[in-house]
Amino acid sequence: MKFSIIIQSSPFSRQSTTTAYRFAEALLEEGHELFRVFFYSDGVLAANQLVSPPQDENNIPDQWSALADKHKLDLVVCIAAAVKRGVIDENEAKRYEKPASNLQNTFELSGLGQLAEAIAISDRVITFGG
């Protein structure tokens, strides 16, 4: 079965981002396909490579990146929500004349068209947070 996941809440205020990550791991272990993970609203904060949690907490961006590398996952961050929250890649940093970028390298900034495509192509779309 082909799944897509939408993550809408901050990884720092709710458990939903970690739950989504564990769900993704479990469905991949069961042999399902994960077409896309779409980060929206405060969920875009999961793509910030400058996160430095305490040692006894999960580093959410690193966890998603490792899973994406292992399984060739498509991690898409809503560009409008990300820019609004200060999560930008090098192109957006130049566009908005910011001194640096902070988007984790395995994530991609894109628009809601990527979400619409995921919904159309997937057998199941699961939303976490919101």
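For the structure given in this document, a descriptive report is provided here. Keep in mind that this is a model prediction, so the values were computed, not measured.

### A short note on the nonpolar core
Core analysis: the largest hydrophobic core is formed by 33 residues, its most contacted members being Leu34, Phe39, Trp64 and Val77. Among the elements that make up this core, the one with the highest residue count is helix α1 (residues 16–29) (5 residues). In this structure, Val77 is in contact with Phe39, Val44, Ala47, Ala82, Leu103, Phe107, Glu108, Leu109 and Ser110, ignoring residues within four places of it in sequence.

### With respect to the side chain of Thr17
When you line up the elements, Thr17 lands in helix α1. Given the relative accessible area of 1%, Thr17 is considered buried. From its side chain, Thr17 meets the backbone oxygen of Ser9 in a polar contact 3.2 Å long. The residues contacting Thr17, other than those within four sequence positions of it, are Ile7, Ser9, Ser10, Pro11, Ala46, Ile60 and Trp64.

### A word on the sheet that holds strand β3 (residues 75–78)
Here we have 5 strands laid out as an open sheet, ordered β4-β3-β2-β1-β5, and parallel in their pairing. Where the open sheet ends on each side, the last strands, each with one partner, are β4 (107–110) and β5 (124–128). Between one strand axis and the next, the sheet turns through 25 degrees on average, direction left out of account. Bridge analysis of strand β2 (residues 33–39) against β3 gives 3 bridges, and the strand direction is parallel. Paired with Val37 across the bridge in β3 is Leu75.

### Describing α1
With 14 residues, α1 extends 20 Å between its outermost C-alpha atoms, agreeing within 8% with the 20 Å of an ideal straight helix rising 1.5 Å per residue. Every buried residue of α1 is listed here: Ser16, Thr17, Thr18, Ala20, Tyr21, Ala24, Leu27 and Leu28. Its buried side turned inward, α1 meets β1 (2–7), β2, α2 (60–71) and β5. Just downstream of α1, Gly31 is the residue with a positive phi angle, here 90 degrees.

### Notes on the packing of α1 against α2
Relative orientation and spacing of two packed helices are given, respectively, by the angle between their axes and the distance between those axes. As a packed pair, α1 and α2 sit with axes 11 Å apart at the nearest point and diverge in direction by 15 degrees. On the basis of the axis angle, α1 is roughly parallel to α2. Two packed elements cross with a definite hand, and for α1 against α2 that hand is left-handed. Between α1 and α2, the residues in contact are Thr17, Thr18, Ala20, Tyr21, Ala24, Glu25 and Leu28 and Ile60, Gln63, Trp64, Leu67 and His71, respectively. Its residues placed into classes, the contact of α1 with α2 shows 7 nonpolar, 4 polar and 1 charged.

### Overview of the pattern of salt bridges
It is possible for side chains of opposite charge to pair when their charged atoms get near one another. Taken as a whole and assessed by the stated rule, the structure comprises 4 salt bridges. Among the ionic pairs, Arg95 bridges to Glu92, the shortest N-O distance being 3.3 Å. Residue Arg95 and its partner Glu92 are both found in helix α4 (residues 90–95); the two are separated by 3 residues, about one turn of the helix. Among the charged side chains, a salt-bridge network with shared partners connects Arg36, Asp74 and Glu117.

### Quick notes on the pairing of β1
In terms of residue burial, β1 counts as a mostly covered element, since 5 of its 6 residues are buried. The pairing of β1 with β2 spans 6 bridges and is classified as parallel. Looking at β2, one finds that Lys2 is bridged to Glu33. For the handedness criterion, the β-α-β arrangement of β1, α1 and β2 is classed as right-handed. Examined bridge by bridge, β1 and β5 share 5 bridges and lie parallel to one another. The residue of β5 that forms the bridge with Ile6 is Thr127.

The rules behind each value
Counting of residues starts from 1 at the beginning of each chain's written sequence and follows it residue by residue. Per-residue local features of the predicted model are confined to residues with pLDDT of at least 70, and side-chain atom pairs are confined, for both listing and counting, to 80 or more; whole-chain, interface and lining totals are unaffected and use all residues. Side-chain metrics rest on all non-hydrogen atoms present in the structure, leaving aside hydrogens and water. Here, the term nonpolar core denotes a set of buried Ala, Val, Leu, Ile, Met, Phe, Trp, Tyr and Cys residues that are joined through side-chain atoms within 4.5 Å. Partly exposed residues are those whose accessible area sits between 20% and 50% of the maximum for their type, while under 20% is buried and over 50% is exposed, using a 1.4 Å probe and protein chains only. Strands are runs of DSSP state E lasting at least 2 residues, helices are runs of H or I lasting at least 4, and numbering of each runs from the N terminus. The contact definition used throughout considers only heavy atoms, calling two residues in contact when any of these lie within 4.5 Å. For the purposes of these results, a polar contact is taken to be a pair of N or O atoms within 3.5 Å, where, inside protein, one atom must be able to donate a hydrogen and its partner to accept one; residues adjacent in sequence count only when each atom of the pair is a side-chain atom. Pairs of strands are assigned from DSSP output, requiring at least two bridges between the strands. Lines fitted to C-alpha atoms define the axes, with helix axes restricted to the stretch in contact, and inter-axis angles between N-to-C directions lie between 0 and 180 degrees. Expected helix span is given by 1.5 Å per residue-to-residue step, counting one fewer step than there are residues. What sets the label is the angle itself: under 35 degrees gives roughly parallel, over 145 gives roughly antiparallel, 65 to 115 gives roughly perpendicular, and the rest give oblique. Left-handed describes a crossing whose near helix is turned anticlockwise from the far helix by less than a right angle; the clockwise case is right-handed. Gly counts as polar in this scheme, as do all residues outside two lists: the nonpolar Ala, Val, Leu, Ile, Met, Phe, Trp, Tyr, Cys and Pro, and the charged Asp, Glu, Lys and Arg. Between Lys or Arg on one side and Asp or Glu on the other, a salt bridge is scored when a side-chain nitrogen of the former is within 4 Å of a carboxyl oxygen of the latter. We call a crossover right-handed when, viewed with the strands running away from us, the connection from the first strand over the helix to the second turns clockwise.

It is worth stressing that arrangement in space is one thing and function is another; only the former is reported here.
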